Amino acid sequence: IGALQRVRTECLKVSAMSLLHTAFLKSVRLEEFETVQQQALALVSVHLRDAWLPALKSGIRANLKDVGKGWFNLAESDERVYSVSKLAKMLHLVGLMMQDSVVDLAEDSLEGYAQFIEAHSAFEVHVRAVDDVRVRPLHPADFENV
């Protein structure tokens, strides 16, 4: 149970991250925007590879190190025994939890990005006649430095 709690804790940390940066305080040029997005994506990628996976491994090993022989034997070398063990089922569950966290991360990031785009591209359009159209940004402050 302790191993699964540790996995869940680490997965929740990943789910709370964002693949994209959307907290801009001022208008930015396209090149700067691309650089910031690449840096945000790289930061998450490095965290997943260099912090998340080792934390999951160490958490599982630390909680199962004293189990020894039996259903959760980390030193099991017989593939047939491992495939029917509770350890195999638990590690399959861990894999599903990890996948779920990455899917949540991606979905939440895209939802946040969509909200960012919608908030910064909202316009009020008044069509009075074919040759009389007025367009006004709903958030004029967003367009002051463009």
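Everything in this summary refers to the structure shown in the same document. (Residues numbered from 1 in each chain as written. Predicted model: local features only at pLDDT ≥ 70, side-chain atom pairs only at ≥ 80, totals over all residues. Heavy atoms only, no water.)

**Quick word on the environment of Glu 124**
In this structure, Glu 124 sits in strand β1 (residues 123-129). Remark: the alpha-carbon pair of Glu 124 and Leu 138, spanning 14 residues in sequence, is separated by 6.2 Å. Of the polar contacts made by the side chain of Glu 124, one reaches the side chain of His 126; its length is 2.6 Å. (Helix = DSSP H or I, 4+ residues; strand = E, 2+ residues; numbered from the N terminus. Polar contact = N/O pair within 3.5 Å; in protein donor to acceptor, adjacent residues only side chain to side chain.)

**Section: the environment of Val 36**
Here Val 36 is to be found in helix α2 (residues 30-64). Its relative accessible area of 19% is what places Val 36 among the buried residues. Put simply, Val 36 and Leu 20 are 16 residues apart on the chain and 8.4 Å apart in space, counted from C-alpha to C-alpha. Among residues more than four places away in sequence, those in contact with Val 36 are His 21 and Phe 24. (Buried < 20%, exposed > 50% of the residue type's maximum accessible area, 1.4 Å probe, protein only. Contact = heavy atoms within 4.5 Å.)

**Considering the side chain of Ser 85**
Checked against the element boundaries, Ser 85 lands in the loop between α3 (79-83) and α4 (86-120). Judged by its relative accessible area of 6%, Ser 85 is buried. Only 3.2 Å separates the side chain of Ser 85 from the backbone nitrogen of Ala 88, close enough to count as a polar contact.

**A closer look at the pairing of strand β2 (residues 132-137)**
With six bridges connecting them, β1 and β2 associate as antiparallel partners. Of the residues in β2, the one forming a bridge with Val 127 is Val 133. Counting the residues that bridge the hairpin from β1 to β2 gives two residues. (Pairing = 2+ DSSP bridges.)

**Focus: the packing of α2 against α4**
For the pair α2 and α4, interaxial distance at closest approach is 13 Å and the crossing angle is 160°. The pairing of α2 with α4 is recorded here as roughly antiparallel in orientation. At the point where α2 passes α4, the crossing takes the right-handed sense. Contacts from Phe 33, Val 44, Trp 52, Leu 53, Leu 56, Ile 60 and Leu 64 in α2 reach Leu 87, Met 90, Leu 91, Val 94, Met 98, Ser 101, Val 102, Leu 105, Tyr 113 and Phe 116 in α4. (Axes fitted to C-alpha atoms, helices over the stretch in contact; angles between N-to-C directions. Parallel < 35°, antiparallel > 145°, perpendicular 65-115°, else oblique. Left-handed = near helix turned anticlockwise from the far one by under 90°.)

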